[in-house]
Amino acid sequence: MHWQYSPYIIPQLISTLISASVAVIAWRRRVVPGASALAVIMLGISQWSLATTLQWASADFGAQLFWFKFRFFGTELLSLMYLVMALQYTGRSQFLTRRNLALLLVMSLLSLSALWTNDAHHLFFSSAQLVQSGSFAALDVELGPWFWLHTAYDYLLLTSALLIFLRALLRSPQFYRAQLAAIMLSAVMPLSANILFVSNLSPFPYLDLTPLSFTLTGITYLLGFFRLHMWDITPAARDSVIENMSDGIIVVNDQQRIVDLNPAAARILGKPSKAIIAQPLVAVMPQWSQLNDMDTLGQTDLTLPAPDGTPRDYALRMSRVTDQHNRLTGRVLMLQDVTASKQSEAKLRLSQARFEDMAANITDSYYEADLTGVVTFANAAFCRALERAQSELEGHHFRHVVDRQDARHIIDAFSRVYQTGQPVKGLEYQFVRRDKTKRFADMSISLMRDGAGQPIGFRGVVRDVSERKQVEAELRQARTDAEAASQAKGAFLATVSHELRTPLTSVIGFAKLIQKRLDDVIFPAITSDAPKTQRAVRQVRENVDIIVKEGERLTTLINDVLDLSKIESGKMDWKLLPVSVPEVIERAIAATASLFTHKQLPIIRAVDDALPSTVATVIA
C-alpha cells in the first residue's frame, strides 16, 4: 500500500478525536434518556471520519475504494440513532419497540449488502476511478440508484428527528430551548454539507465536507455539555420528574416574573398555567411580598387558599439560579403541601399533652424505657417514689435506681419480655431512694411497638408495696407466735388433763366403792321407817350417784380437752345421735341439785313427757 499526503487529513483527524471524545462523555451520562444514542452517533461519526482520513491518506485505488466502502458502517448508524435519540430525549421511547427498530434496520442492512456486493450488480455505484486532484490522487465515484434510495431514506429519518426536536423546542421552557437548538444545529450542519456533496455543489471537487462538518458538531456538543448542562436533565426527564410531581414547582427570573411552573403549582395557585406564565410572582401569590428574607432563610411556611377557599399549609423552599459568573438569573420555588402533616402534628401534640397529663396524674409510678433499659420517660409519681428529679431518671439506666442484688433480675426480665413478647406482671424488687433507703416495689413490663409492629422499648407501672410487705411480715410473725402459743397451750392442757385424770380416777373409784358398800351393807342395815331417816337414805344414795355420774362426765371432758389437737388439725370425727330432752334436763337438775338444796331453793320441773327426741352432735 502506498501513502500520500493531503491537506484534508489533519482536519479529518481532528474531527475523529473530537467525535470520539463526545462519545465518551455521552456514554458516561448514559443513564439520562438519549445519551446512550448520542454516544453511538458520535462513535459512528468518529468511524466515518477515520475511514475518510485513511481514504485520503491512501494513494492506491484498491485502498481508497475499501475505505470508501468501510465508512458506510458509520453512516448507517447516524440517521437511525439520531431518530432514536430524538424519541428518547423528548420522552417518546414507547415507539422504540423491537419490532419498529427491526423494521428501521432493514434498509440499512440492505444498503450495506448492496454496497459490498456492488461488483455483481453496480446498484450502489456504477463506476469508480482514481483522478488527479492537485498534488494527490482522489477517488471519483459514479453513484448508482440504490445510493440515492439509501440517501433519501437517511434524509427521511433525519427530517423526522428534526421535526420531533422542533416540536419539543416550541413546547419546552426557555431553559431547554437552548439545548434543543444546539442539538438541531449539530445535525443541520453535516446534513447541509452532505447535500452539497451529493448534489455536486461542493466548492472542493471530490471532497465530501460531511466528515469535516462533524468537527463543528462535536464542538457544539462539547459546548452544550459544559455550558448548557446538556444531558444533565432532559425535557423527557423534566416531564417525568417535574410535571408529575405532587409538589408545586415555580421558576421565576431575576425580575421575579414566572417563566415556568408545573401542573401541581398551577393547581395550588388556582389558575391555568397560561394565565400565570410571565406574570409577576407577587401578582399570583401576594404572600411573596412578605417573604423578603427568603434569600437568607431558604425555607419557610405559608398558608394559601385552596380553590374551594379552605386554607392549606405549604412548606416553601427556594433555590437561587445563577450563571457561570454567580450572577442571579432566577429562583426555583418548591411548594409542598404539608396540611396533612400539620394536622397530624397538631393531633400528635394534643395526644402527647393528654398522655403527659394522664401520666402526671395517675397515682401509680409509670415509666418508659428503650430496648437497652434506659429510662426515656418517668411520670411525677415515679419521681416522687424515688425522691429524684425527672432529669435524674430519664436518660439513665434502670440499674442505677435498683438494688444491686435485683439489677440482674430486672435486666433478665427486660430480655425475656423482648424475646417472648409476653408481658411480665408482679415482678418484685427493691429500689434505692435518694437517702439510700430501700423500698419494695411491684413492677410490670410490656413491649412498646411502632406502627410496623417492631419493638421500640418497654413500658410499665411500678407500685410501692413496702407497707404491704411490712404487714405481710407482721402477719407471718403473728402466725408464728400464735403457732408457738398454740403448741404451749396444747402442752399445758395435756399436762393439766393428765394431772387431773389421776386424782379424778381415784375419786370415781372410791365413790363407786362407797356406792356399793351403801347398797350392799349400810342401807339394808337401816331398819327405821322414820320418814326423816328414809329421806336421808334416799338423799345419800342420790348424792353418791351424782358424784359417780359427774366424775365420769368430768373424765369425758378431760378426754375431750386432750383431743383438742385433733380438733385443731381437723382429724376429729363428729357424729349425729338421737338425744332425749327430758333425760338431758334430769341430768342437769341432778348435777346442780346440791346447789339448790344448799340455798334452800325449790326445783320446779315442767317437762312434758311427750317431748320428741332430738339430734345432737357428739364426739365419736
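I will try to describe carefully the structure that is included in this document.

## Some remarks on the overall build of the protein chain
And step 1. Helix and strand counts for the protein chain stand at 22 helices and 14 strands.
And step 2. Taken over 620 residues, the protein chain has a buried fraction of 38%.
And step 3. When the accessible surface of the protein chain is split by element, carbon and sulfur atoms take 59% of a total near 36,000 Å².

## Examining the environment of Tyr5
And step 1. Locating Tyr5 in the fold gives a position in the segment before α1 (9–28).
And step 2. For Tyr5, a relative accessible area of 57% corresponds to the exposed category.
And step 3. A sequence separation of 53 residues divides Tyr5 from Ser58, and the C-alpha atoms of the two residues are 8.4 Å apart.

## Details of the sheet that holds strand β3 (residues 248–253)
Where strands meet in a sheet, backbone hydrogen bonds hold them as pairs that are either parallel or antiparallel.
And step 1. Spatially, five strands are ordered β4-β3-β7-β6-β5 in an open sheet, and the strand pairing comes out antiparallel. A strand with exactly one partner marks an edge of an open sheet, and here the two such strands are β4 (258–261) and β5 (299–305). Averaged over all pairs of adjacent strands, the angle between strand axes in this sheet comes to 30°, irrespective of strand direction.
And step 2. Pairing of β5 with strand β6 (residues 311–322), which is carried by seven bridges, proceeds in the antiparallel orientation. Note that in β6 the partner of Gln299 across the bridge is Arg317.

## Concerning the pairing of strand β7 (residues 328–337)
And step 1. Bridge analysis of β3 against β7 gives six bridges, and the strand direction is antiparallel. By the bridge assignment, Asn253 is partnered in β7 with Gly330.
And step 2. Summarising the sheet, β6 and β7 pair through nine bridges and their orientation is antiparallel. Bridge assignment links Ser319 to a residue of β7, and that residue is Val332.

## Some thoughts on the side chain of Lys69
And step 1. Note that Lys69 resides in helix α3 (residues 61–70).
And step 2. There is no salt bridge for the buried Lys69, and the closest opposite charge comes from Asp119, which lies 4.6 Å off by N-O distance.
And step 3. Setting aside anything within four residues of it in sequence, one finds Lys69 in contact with Leu115, Trp116 and Phe125.

## Focus: the pattern of salt bridges
And step 1. A complete count under the given rule lists three salt bridges for this structure.
And step 2. Close ionic contact of Arg312 with Asp337 constitutes a salt bridge, the shortest N to O distance being 2.9 Å. Residue Arg312 is found in strand β6, and its partner Asp337 is found in strand β7; the two are separated by 25 residues along the sequence.
And step 3. For Asp520, the salt bridge identified is with Lys516, shortest N-O distance 3.2 Å. Taken as a pair, Asp520 and Lys516 lie in helix α19 (residues 466–525) at a separation of four residues, close to a single helical turn.

## What to know about the side chain of Thr217
And step 1. Mapped onto the secondary structure, Thr217 falls in helix α9 (residues 210–227).
And step 2. Looking at Thr217, the relative accessible area reads 2%, which means it is buried.
And step 3. A distance of 2.9 Å separates a polar side-chain atom of Thr217 from the backbone oxygen of Ser186.
And step 4. If sequence neighbours within four positions are ignored, Thr217 has contacts with Ser186, Met189 and Pro190.

## Observations concerning unusual backbone geometry
And step 1. The backbone of His122 shows a phi angle near 55°, a positive value even though the residue is not glycine.
And step 2. As for its position among the elements, His122 is in the loop between α6 (118–121) and β1 (125–133).
And step 3. The partly exposed category is assigned to His122, whose relative accessible area is 39%.

## Focus on the environment of Thr376
And step 1. Take Thr376: it is sitting in strand β9 (residues 375–378).
And step 2. Given a relative accessible area of 41%, Thr376 falls into the partly exposed group.
And step 3. C-alpha separation for the pair Thr376 and His397, spaced 21 residues apart in sequence, amounts to 9.3 Å.
And step 4. Aside from chain neighbours lying at most four places away, what touches Thr376 is Glu368, Ala369, Asp370 and Glu394.

## Some points on helix α5 (residues 98–116)
And step 1. The end-to-end C-alpha distance of α5 is 26 Å, a good match for the 27 Å that 19 residues give at a rise of 1.5 Å each.
And step 2. Its axis deflected by about 30° at Leu105, α5 carries its strongest bend there.
And step 3. Listed in full, the buried residues belonging to α5 are Met107, Ser108, Ser111, Leu112, Ala114 and Leu115.
And step 4. The inward-facing, buried residues of α5 abut α3, α4 (72–89), α6, β1 and α7 (145–171).

## Topic: the pairing of β9
And step 1. Bridge analysis of strand β8 (residues 365–369) against β9 gives three bridges, and the strand direction is antiparallel. Within β9, the position partnered with Glu368 by the bridge is Phe377.
And step 2. Linking β8 back to β9 in an antiparallel pair, the connection comprises five residues, with Gly373 at a positive phi of about 95°.

## Here we look at the packing of aromatic side chains
And step 1. Throughout the structure, instances matching the rule amount to 16 aromatic pairs.
And step 2. Seen from their ring centres, Phe66 and Trp67 are 5.0 Å apart, and the 75° between their planes marks the pair as edge-to-face.
And step 3. For Trp67, a relative accessible area of 18% puts it in the buried group.
And step 4. With centroids separated by 5.4 Å and ring planes inclined at 80°, the aromatic side chains of Phe147 and Trp148 adopt a geometry described as edge-to-face.
And step 5. Residue class for Phe147 comes out buried when judged on its relative accessible area of 7%.
And step 6. Through a chain of ring-to-ring contacts, the aromatic side chains of Phe68, Phe72, Phe124, Phe125, Phe147 and Trp148 assemble into a single cluster.

## Details of a nonpolar patch on the surface
And step 1. The grouping of Tyr5, Ile10, Leu13, Ile14 and Leu50 at the surface amounts to a nonpolar patch, some 470 Å² of accessible area in total.
And step 2. Sort the elements by how many residues they give to the nonpolar patch and α1 lands first, with three residues.

Cut-offs and rules
Residues numbered from 1 in each chain as written. Predicted model: local features only at pLDDT ≥ 70, side-chain atom pairs only at ≥ 80, totals over all residues. Heavy atoms only, no water. Helix = DSSP H or I, 4+ residues; strand = E, 2+ residues; numbered from the N terminus. Buried < 20%, exposed > 50% of the residue type's maximum accessible area, 1.4 Å probe, protein only. Areas by Shrake-Rupley, 256 points an atom, 1.4 Å probe, with all protein chains shown as cover. Pairing = 2+ DSSP bridges. Axes fitted to C-alpha atoms, helices over the stretch in contact; angles between N-to-C directions. Lys, Arg positive; Asp, Glu negative; His and termini not counted. Salt bridge = Lys/Arg side-chain N within 4 Å of Asp/Glu carboxyl O. Contact = heavy atoms within 4.5 Å. Polar contact = N/O pair within 3.5 Å; in protein donor to acceptor, adjacent residues only side chain to side chain. Expected span 1.5 Å × (residues − 1). Bend = angle between axes of the 7 residues up to and from the residue. Phe/Tyr/Trp six-rings, centres within 6.5 Å; stacked < 30°, edge-to-face > 60°. Patch = residues over 30% accessible without salt bridge, like charges linked within 9 Å, V, L, I, M, F, W, Y side chains within 5 Å.

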